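Overview (structure and organization)
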Amino acid sequence: QRLHANPIQEDFTAMLDRLSRNEQRALLELLVHLAKSDGTIAEVEREVLGMYADLVDVAPEEIEGDYTLEDLVPQFVSPASRVIAIQELFRLSHLDGWFGESEQSEILEVGAMMGVPMELLQKIELWVLDGLNWVQRGEDLLDEAEEVVA
C-alpha cells in the first residue's frame, strides 16, 4: 500500500488511457491554452502541465501553446474524449484555488464548440470539485493522523 500517492497523476493516467495519442497531445495543448488565458501561468499549473507532458512523453519545450481552439477542439471526436478534455480543463482551472472569468469563458467556449450542453458542463465541474475536495479531505486526515495516531 502507498500512502500519499499522487492522485492527480493517477487520475491523469486513468483518463489518458482512454484517449488516442493525437487526443493526448491536443489535450496538453488545450491545457496550455487555458493556463495562458488569464495572462499568467500559476506555479501549480506549471507543475501539472509538466507532469502531464511527462505522462504523454512530450518534452515541455515541445509544447507550442500557439494553437487556437479551432485547431484543437476538433481533435476530440468521441463524446468520452470530449468529456475527458473538459474535465481536465476544469481540474486545471480549479487547482490554483482561483477560477477566473477568462478560464471560465474559455471552458464554456470549448464546451459549446464540442456540443456539450450546459447541464453536462455543470455536472462535469461538480465531478471535478468533488474529486479535488475528496483528495484534500484525505490529505487532511493523513496530516491529522500524524498528530493523533500513536
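One can find the structure itself at the top, above this paragraph.
Report on the accompanying structure. (Residues numbered from 1 in each chain as written. Predicted model: local features only at pLDDT ≥ 70, side-chain atom pairs only at ≥ 80, totals over all residues. Heavy atoms only, no water.)

**A closer look at the pattern of salt bridges**
- Evaluated as defined, the whole model comprises three salt bridges.
- Here Glu 29 and Arg 25 are joined by a salt bridge, their closest N and O atoms 3.7 Å apart. A residue pair is termed a helical-turn pair when its members lie 3 or 4 positions apart in one helix, as Glu 29 and Arg 25 do in helix 2 (residues 21-36) at four residues.
- Overall, Arg 25 belongs to the partly exposed group, its relative accessible area being 27%.
- Between Lys 123 and Glu 119 there is a salt bridge, with its nearest N and O atoms 3.6 Å apart. Within this pair, Lys 123 and its partner Glu 119 are both found in helix 7 (residues 118-148), separated by four residues, close to a single helical turn. (Salt bridge = Lys/Arg side-chain N within 4 Å of Asp/Glu carboxyl O. Helix = DSSP H or I, 4+ residues; strand = E, 2+ residues; numbered from the N terminus. Buried < 20%, exposed > 50% of the residue type's maximum accessible area, 1.4 Å probe, protein only.)

**So, helix 3 (residues 43-55)**
- Between its first and last C-alpha, helix 3 extends 18 Å over 13 residues, near the 18 Å set by a 1.5 Å rise per residue.
- Listed in full, the buried residues belonging to helix 3 are Glu 45, Val 48, Leu 49, Met 51, Tyr 52 and Ala 53.
- Trailing helix 3 by a residue or two, Asp 57 shows a phi angle of about 60°, which is positive. (Expected span 1.5 Å × (residues − 1).)

**A short note on the environment of Asn 133**
- The residue Asn 133 is located in helix 7 in this model.
- Overall, the relative accessible area of 43% leaves Asn 133 in the partly exposed class.
- Spatially, the C-alpha atom of Asn 133 lies 21 Å from that of Leu 49, the residues being 84 residues apart in sequence.

**A short note on the nonpolar core**
- Ranked by size, the top nonpolar core spans 35 residues in total, and within it Leu 28, Leu 30, Tyr 52, Ile 86, Val 110 and Met 114 carry the most contacts.
- With eight residues, helix 2 is the largest single contributor of residues to this core.
- Residue contacts for Val 110: discarding those within four places in its chain leaves Leu 30, Leu 69, Val 73, Ile 86 and Leu 89. (Core = buried A, V, L, I, M, F, W, Y, C linked by side-chain atoms within 4.5 Å. Contact = heavy atoms within 4.5 Å.)

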